[in-house]
Amino acid sequence: GLWRFIDWLPVKNPSSSDSGPVTYRSEGLGRELGLSNLYITFSGYFPEKGGNIKTCSFKELEAVPTLQRAHERARGKILVIASAGNTSRGFSQISSSIDTPVITVVPSDYIDERMWTTIEPKKVTLVAVDGDYTDAIKVGTEIGHLDGMIPEGGVKNVARRDGMGVVMLDCVARMKRLPDHYFQAIGSGAGAIGSFEMAERTVRDGRFGDTLPRMHLAQNKPFTPISNAWNSGRDDIIAEEDMPDAEEAIEKIYASVLSTRNPPYAVKGGVYDILKRSNGSMYMVDNTEAKRAEKLFSDLEGIDLDPAACVAIGALIQATDSGGIGKDDYIMLNVTGGGYKRIEEDYNLHRIKPDFVVGPTTELEYIEGELRECLKQKTK
Ligand SMILES: *Cc1c(COP(=O)(O)O)cnc(C)c1O
């Protein structure tokens, strides 16, 4: 799995996880789009190709080094993750595979569909929040600062960025060079930042070329705050201009994981910087284009996709149509999630039930009481 890149990761030792992405040269989609060097880096479950991420998204790649680094540096403390679902599912899977406790905080609405593992989630505590993603983050942050716990840290967590950056290493190892172009759908942009940082290190390594890939990043219309800010030439997001009627827009998008409202765009080393430094582009892909891309990909490559990955393919199609990329350029398509249908053929999924439910304003004292009780049961 991803431990084959351990020298590039901020940990001392590997854990027992064998989770990892796969990169292969596309035949079907490449031919259809007339691209001779299209490489697909697939972060999901696709055993026929070697894709071994059982929770079916690249969020699991964050979990592997993050749990190991917490184990090495904050021994005994329990990691707390708040997410809209894919990240919490990834951490739940890895926590269960290496037998380490974890606390996840997820909006109630997403739990049925998104919270499951392929192995029994014995040491996972799941706190349901009656509210949205922002409320879950707020509750998660409070819990993370309790005694004996440690907040996972988001984009500022180097293990998280480097874990997602493994896709760049996997692609470079397969291409035997850096790609000319990198395509991905972004919500926060954390994954793209992680990939870009790995590309910078690869340039310093020297064996795989000296040119950074151009970052081609996409959002799902009508919720496109980063695309709007970048296309206006601004290095910061102005909420009223870039995401008016955010709630309504978020309701409409097909790829709901791309609904981050406060992405690390303006911060040094953030999304603005990587676009600027790589001469990159932002794309806006609507639901119809995303669904067309989904059908094309499943017909030509033989696997089902996460809606976010369909948005990335929509952007690749736009770039090809506009002539923005050369036919023989080396292209890395970061397929950030897929194989949800495929995994159900091979595994009985364990649905994770909430241990308790809170609201956005529930007293921390109550939450802590419930949590300590759960942890006592689960760490027995
Ligand atoms: C979270 C997610 C993304 C977006 O990643 P960011 O790092 O938030 O930009 C894309 N695809 C999938 C499948 C995801 O779960």
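Preceding block: the structure.
Here we summarise the structure given alongside this text. (Residues numbered from 1 in each chain as written. Predicted model: local features only at pLDDT ≥ 70, side-chain atom pairs only at ≥ 80, totals over all residues. Heavy atoms only, no water.)

### A look at helix H2 (residues 59-73)
Taking 1.5 Å as the rise per residue, H2 with 15 residues should run 21 Å; its terminal C-alpha atoms sit 21 Å apart, in good agreement. Counting buried residues in H2 gives 11 out of 15 residues, a clear majority hidden from the surface. Taken residue by residue, H2 has Lys-59, Glu-60, Leu-61, Glu-62, Ala-63, Val-64, Pro-65, Thr-66, Leu-67, Gln-68 and Ala-70 as its buried positions. On its buried face, H2 sits against strand S5 (78-82), helix H3 (86-97) and helix H6 (158-175). (Helix = DSSP H or I, 4+ residues; strand = E, 2+ residues; numbered from the N terminus. Expected span 1.5 Å × (residues − 1). Buried < 20%, exposed > 50% of the residue type's maximum accessible area, 1.4 Å probe, protein only. Contact = heavy atoms within 4.5 Å.)

### Quick look at the pattern of salt bridges
Under the definition given, this model contains 20 salt bridges. Residue Arg-277 is joined to Glu-200 by a salt bridge in which the shortest nitrogen-to-oxygen separation is 2.7 Å. Here Glu-200 lies in helix H7 (residues 190-205) and Arg-277 lies in helix H11 (residues 271-277), a separation of 77 residues in the sequence. Residues participating in the shared-partner salt-bridge network are Glu-48, Arg-342, Glu-345 and Asp-346. (Salt bridge = Lys/Arg side-chain N within 4 Å of Asp/Glu carboxyl O.)

### Observations concerning the packing of H2 against H6
Relative orientation of the contacting elements H2 and H6 amounts to 140°, with a least axis distance of 7 Å. Compared by their axis directions, H2 and H6 come out oblique. Crossing hand, H2 versus H6: right-handed. Of the residues in H6, those touching H2 at Leu-61, Glu-62, Pro-65, Thr-66 and Arg-69 are Val-158, Ala-159, Arg-160, Gly-163, Met-164 and Val-167. Here the residues of the contact of H2 with H6 sort into 6 nonpolar, 2 polar and 3 charged. (Axes fitted to C-alpha atoms, helices over the stretch in contact; angles between N-to-C directions. Parallel < 35°, antiparallel > 145°, perpendicular 65-115°, else oblique. Left-handed = near helix turned anticlockwise from the far one by under 90°. Nonpolar A, V, L, I, M, F, W, Y, C, P; charged D, E, K, R; others polar.)

### Examining the state of the cysteines
Counting across every chain of the model gives 0 disulfides. Here Cys-171 stays unpaired: no disulfide links it, and the sulfur of Cys-310, its closest cysteine neighbor, is 20 Å away. (Disulfide = S-S within 2.5 Å.)

### Quick look at unusual backbone geometry
Cis geometry is adopted by the peptide bond preceding Pro-222, which originates at Lys-221 and carries an omega value of 5°. Here Pro-222 shows up in the loop between strand S11 (214-220) and helix H8 (225-231). Residue Cys-56 is not a glycine yet carries a positive backbone phi of 70°. Take Cys-56: it is sitting in the loop between strand S4 (51-52) and H2.

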